[in-house]
Amino acid sequence: VNICALAMVDLCGLLLACICCLLAGGGWSVSLAAATAANGGRAKGEAPSSPHAESFSRSSMDASASDSYGYSAAGEDKIQVHVVPHTHDDVGWLKTVDEYYYGLNNSIQMANVEAIINSFVRELSKDSNRTFIYVEMAYFYKWWGKQSNETRQLVKKLVSNKQLEFVNAGWCMNDEASTHYNAIVDQMSLGLRFVQENFGDEARPRVAWHIDPFGHSAEQAALFAKMGYDGFFFARIDYGDRDNRLGNKEMELVWRGSPSLGSQSDMFTGVLFYGYGPPPDFCFDQGCSDPPIQDDPNLFDYNVDDRVKLFIQRVGDQAIFYNTNNIMMTFGSDFQYQNALQVYKNLDKLIKYVNAEGTVNMFYSTPSRYVDAVHQAGKTWTLKTDDFFPYADNPYAFWTGYFTSRPALKGYTRLCNNYLQVCKQLEVIYGSVFSSKERKHSSVKLKHAMAIDQHHDAVSGTEKQHVADDYAKRLHIGQVECEQLVAMVLRNLSGRYDHDRPRLELQFCELANISVCPASENNSFNVIVYNPIGRGIQRLVQLPVSADGLEVIGPSGKTVASQVVPLSTKDKLLRGRKGIANSTIFFWDEIPALGFKTYLVRPVSKTGSARSSDPASLSCTSTRVVTT
């Protein structure tokens, strides 16, 4: 007997009871009696309103927190410059994830994430005033797994001292246009769980950091609000919107991501002034050409006075567009800090001489410290309720092609997301049914592959071809692992409930979309249909077959209405020599919530056909059955 298994998935029906992940609690609590919306002065469907003072209450905020990190309480009139050292490490783009991590294929791009992490950890340990933020847990996870206990203790100390701060802390910095919300939740959960398990509650990220995605979704803001983040910062907004915000001093705002959640989805949001790079003329990374701080008067090219003067000018250029005397300046960019010594040496000097000049107060900081300082200012913020889409960086230069680019990868990502939800469900059963020795498969590989694929240069389709191939390969490896897990669980469950039938050896119809399925191209086979959602569903099941006179027997032993339709010439040309099917069998049935049914497809008995001849009952071609 040849066996075929089908897992039926309705992604729209998946239920997420909680998206708070590990970050439940905290967050801004905003009371708004009235506020202006950033889009044209009012929210859609609302009457015009006027700005109103907002009351922020956040249990995780400490009123004196910023004073101990360089904030000049005595010089409240001074501009407070929060220096935020960081690196932006794409989880694949011009090179694959592993090429970026190990520094391979540098003919494409000089980038070595392993060296970056080694370098900034070493430099942070030399000076307790220095800070650094890190985002992409896909890389930090790789690095952490190779470290000695001594190095791990050092990193934990840096985290405890608030020198190293994890921001965002998802597996990647996900795209916001072509991702599905529960795939976002999954990848964020994976990263946040890693932080929680290795660094504890004190490392809980408080700030969301999406500095490179190409536009921003209100749904993303609502998710971050429900996850408990205190602030959200990004760099890319439409050039016209940016000009308008600069003119109105609205680079910081409250973003209400969900009309149904109301104030529960409010998120303090800031747009970075200089993108996510350093201010002009002050990039000290080894790949930059800006002059270093030359402070030895015995050597030529002493430039401290000129450099300090220019930096204070850059501070002033930014400060006039923000509503408090606090500004945040990022120092870092794509794959920077491979030589962190060079950067910190110059930043140390710049901070020293700028503070000696006395006009502004400059100090190492982090986004969460900046949010604390802005919160203490007690300012009024405008309210935004819609998306930051589409993104254009110049006239007629809209970044919208990626909404549909690489459709095959986008479709495969959705399919693997469905697989993953099924796999996670059955993995719970798998753990309770089988002993530890029998548990040979898990969802880990697919979780990691799916998390990486949510990156803003992955599912978006903006990566190089060999990188897209790498994403697809990782997804397939994870999919095969989950198929083996699903097969083992359903085989065990079908044996428990169908005592009169032999234990099934399950196969999957991965090429059913081109009418190829070796298991169903024989005269007799079984089909298992699994429904992973929390309600019963009715679905039309279709499989390629090589015989014409077939009938379908349901779990109760009764015949299920079915129809065999010949393959068209185009269908046969499409599949080529990969299969031998000449027809497709269709049957329609209801699958119980979180349950499965087993069917037998066999030649019609000589006593007569029980197949339905009513095509109307089998005409639901819009229903999609996903084969796994």
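Remember, it's a predicted structure, so these values are computed and weren't measured experimentally.

Draft legend 1. Structural view of the packing of helix α5 (residues 181-199) against helix α6 (residues 218-227). Between α5 and α6, the shortest axis-to-axis distance is 11 Å and the interhelical angle comes to 40 degrees. Here α6 runs oblique to α5, going by the angle between their axes. Seen from above, α5 lies across α6 with right-handed handedness. Residues Y181, I184, V185 and M188 of α5 touch α6, and the partners they reach there are E219, Q220, L223, F224 and M227. In terms of residue class, the contact of α5 with α6 is built from seven nonpolar, one polar and one charged.

Draft legend 2. Quick look at the pattern of salt bridges. Under the counting rule described, the total for this entry stands at 19 salt bridges. One salt bridge connects R206 with D372, and the closest N-O pair in it is separated by 2.6 Å. Residue R206 is found in the loop between α5 and β7 (207-210), and its partner D372 is found in helix α10 (residues 367-376); the two are separated by 166 residues along the sequence. When its relative accessible area of 16% is taken as the criterion, R206 is described as buried. A salt bridge links D295 to K349; its shortest N-O distance comes to 3.2 Å. Of this pair, D295 sits in the loop between β10 (266-271) and α8 (304-319) while K349 is found in helix α9 (residues 340-357), placing the two residues 54 residues apart along the sequence. Taking relative accessible area as the criterion, K349 reaches 18% and is therefore assigned buried. Shared partners join several salt bridges into a network, and the residues in it are D98, K142, D470 and R474.

Basis of the calculations
- Residues numbered from 1 in each chain as written.
- Predicted model: local features only at pLDDT ≥ 70, side-chain atom pairs only at ≥ 80, totals over all residues.
- Heavy atoms only, no water.
- Axes fitted to C-alpha atoms, helices over the stretch in contact; angles between N-to-C directions.
- Helix = DSSP H or I, 4+ residues; strand = E, 2+ residues; numbered from the N terminus.
- Parallel < 35°, antiparallel > 145°, perpendicular 65-115°, else oblique.
- Left-handed = near helix turned anticlockwise from the far one by under 90°.
- Contact = heavy atoms within 4.5 Å.
- Nonpolar A, V, L, I, M, F, W, Y, C, P; charged D, E, K, R; others polar.
- Salt bridge = Lys/Arg side-chain N within 4 Å of Asp/Glu carboxyl O.
- Buried < 20%, exposed > 50% of the residue type's maximum accessible area, 1.4 Å probe, protein only.

Function cannot be inferred from these measures alone, as they are strictly geometric.
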